[in-house]
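# Residue-level structure breakdown
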Amino acid sequence: MVTVNGTKEEGKAGLSVADLLAQRAVAVENVVVELNGEIIHRAEFAQTQLKDNDKVELISFVGGGR
Amino acid sequence: MTELKLQGVPVNDVYTGMKERNVKDSTAKLAAAHVTIAGCGGLETNISLALTRIGVGHLTLIDFDEVELSNLNRQQFKFSQVGMPKVQAMKQNLQEVNPFVTVDAIQTEVTAENVPELFADADIICEAFDNPAAKALLLENASTEFPEKPLVMGTGMAGIHSSNEITTKHLRENLYIAGDGVSKGMEGLMAPRVMICAGHEANMITRLILGAE
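What you are looking at is a predicted structure, and each value in this text was computed from that prediction instead of being measured.

### Here we look at the overall build of chain A
- Scanning chain A for helices and strands turns up one helix and five strands.
- Listed N to C, the secondary structure of chain A is β-β-α-β-β-β in terms of helices and strands.
- Compactness check: chain A gives a C-alpha radius of gyration of 12 Å against a globular reference of 11 Å for 66 residues, within 12% of the reference.
- Its C-alpha atoms give chain A principal-axis dimensions of roughly 40 × 25 × 20 Å.
- When contacts within chain A are restricted to residue pairs at least 6 apart in sequence, those whose partners lie at least 24 apart make up 62%.

Structure below.
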C-alpha cells in the first residue's frame, strides 16, 4: 500500500514515480513529487521505485499569475 | 545641520506618518525583512505593492520580460511603462509609493542553476510566476537548496470563480500555497481575482515576518 496525497492506494508498490504520474495523467513538468517528505528531482522520476508504506505527495501547479 | 526633508516634510515625520496605521510593534520587523519575489506580473506587482506600503525594508524582484499592453488588465504597471523591463518599471512604481524601501531589480530568468545565487540573501521566497513548470522548478530547487526559508506560492486565480475558493494552504513546514488550485490561465486572468491571490500571498508573507505563523 502506498499513500498518495493522503489516500491509501493498492498496487502502487513497485511502480516508478514516472509510472505513477503517467497513470494519473499528471504533466511531469508541472508537478513536484515528495517521497516520504523528501523532494525527488524530476531527473530521478524514472529510477525511483515506490515501496510498500511509502508516502507520496504530488504538488501540482496550474498556470496564471505573472 | 539642516533637517532632511522629503517634498518639504521632515523625513522622520514622513516615516512615522506612513506607519501610523500599521499593526502595533510591526515596523522594526517589517523594515528588517528581505523578501525575494520570482516573476513580475499579476501576482508580483500586487504583492510587492502591498509589502512596500507596509514598509517591508528590502524587496528583490526577478523577471526577464518587458511590460506589454496585455499586462495592464491586472498588473500594476502604467500605460507609459509599456516596453520597459518589468522589474525596472515596478521598482520605479514602488519607490514612488514608499521611498524608504530598498528594491533590487534583477532582469533574468530563474533556472535550476541560478536559484542558489538568486535567493541566498532572502528571508522569505515568494513565487509569482504564471507558468506552472516555472512554479514547479522553483519549488523543486528552492526547497532543496534552502529548506530553512519559507516559500510562499500561488496556483489557480483565473476566471471569475468565487473569491472564496481561493485559500492559503500550509502544505508542510516552510511551504505555503495560495489559490484555488484548479483554475487555469487560459480562462482569462483579471485584476480582481488575481489580486485576491496576491493578497493571500502578501498576507502570508506579512504573517511570517511578524511571527503570526
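### Here we look at the overall build of chain B
- If you tally the helices and strands in chain B, you get seven helices and nine strands.
- Considered along the principal axes of its C-alpha atoms, chain B spans approximately 55 × 40 × 35 Å.
- Expressed as a percentage of its 213 residues, the buried residues of chain B come to 43%.

### Some remarks on the sheet that holds strand β5 (residues 102-106) of chain B
All names here are of chain B.
- Pairing within the open sheet is mixed, and its seven strands lie in the order β5-β4-β3-β6-β7-β9-β8. Unpaired on one side and paired on the other, β5 and β8 (167-172) mark the two borders of the sheet. Sheet twist, expressed as the mean angle between neighbouring strand axes with direction ignored, is 20 degrees.
- Where strand β7 (residues 151-154) and strand β9 (residues 175-179) come together, four bridges link them in parallel fashion. Residue pairing in the sheet places G154 in a bridge with A178 of β9.
- Across the sheet, helix α4 (residues 86-97) is in contact with β4 (58-62) and β5; its angle to β5 comes to roughly 170 degrees.
- The strands touched by helix α6 (residues 132-145) within the sheet are β3 (34-38), β6 (124-127), β7 and β9, with β7 carrying the most contacts at an inclination of about 170 degrees.

### Quick word on helix α3 (residues 42-54) of chain B
Residue and element names in this part refer to chain B.
- The end-to-end C-alpha distance of α3, which contains 13 residues, comes to 19 Å, matching closely the 18 Å that a straight helix rising 1.5 Å per residue would cover.
- Burial of α3 is extensive: 10 of the 13 residues sit out of reach of the surface.
- Looking only at α3, the buried set comprises G42, L43, E44, T45, N46, I47, S48, L51, T52 and I54.

### Digging into the sheet that holds strand β2 (residues 7-9) of chain A
- Taking strand neighbours across the sheet as the criterion, the five strands line up as β2-β1-β5-β3-β4 (chain A) in an open arrangement whose pairing is mixed. Strands at the two margins of the open sheet, each flanked by one partner only, are β2 and β4 (38-40) of chain A. Along the sheet, successive strands turn relative to each other by an average axial angle of 30 degrees, direction set aside.
- Note that strand β1 (residues 2-4) of chain A and β2(A) share three bridges and pair antiparallel. Counterpart to A:V4 in the pairing with β2(A) is A:T7.
- Across the sheet, α6(B) is in contact with β3 (31-35), β4 and β5 (55-60) of chain A; its angle to β3(A) comes to roughly 35 degrees.

### Description of the UniProt feature "domain: THIF-type NAD/FAD binding fold" (unreviewed entry) in chain B
- When the UniProt feature table is mapped to this numbering, "domain: THIF-type NAD/FAD binding fold" (unreviewed entry) covers residues 24-162 of chain B.
- Strand forms 17% of residues 24-162 of chain B and helix 35%; the C-alpha atoms that close the span are 32 Å apart.

Conventions we followed
- Residues numbered from 1 in each chain as written.
- Chains lettered and ligands numbered in written order.
- Predicted model: local features only at pLDDT ≥ 70, side-chain atom pairs only at ≥ 80, totals over all residues.
- Helix = DSSP H or I, 4+ residues; strand = E, 2+ residues; numbered from the N terminus.
- Rg over C-alpha atoms; globule rule 2.2 N^0.38 Å.
- Contact = placed C-beta atoms within 7 Å.
- Buried ≥ 20, exposed ≤ 12 C-beta atoms within 10 Å, placed from the backbone.
- Pairing = 2+ DSSP bridges.
- Axes fitted to C-alpha atoms, helices over the stretch in contact; angles between N-to-C directions.
- Expected span 1.5 Å × (residues − 1).
- UniProt positions renumbered as here; feature names shortened; annotations may be inferred.

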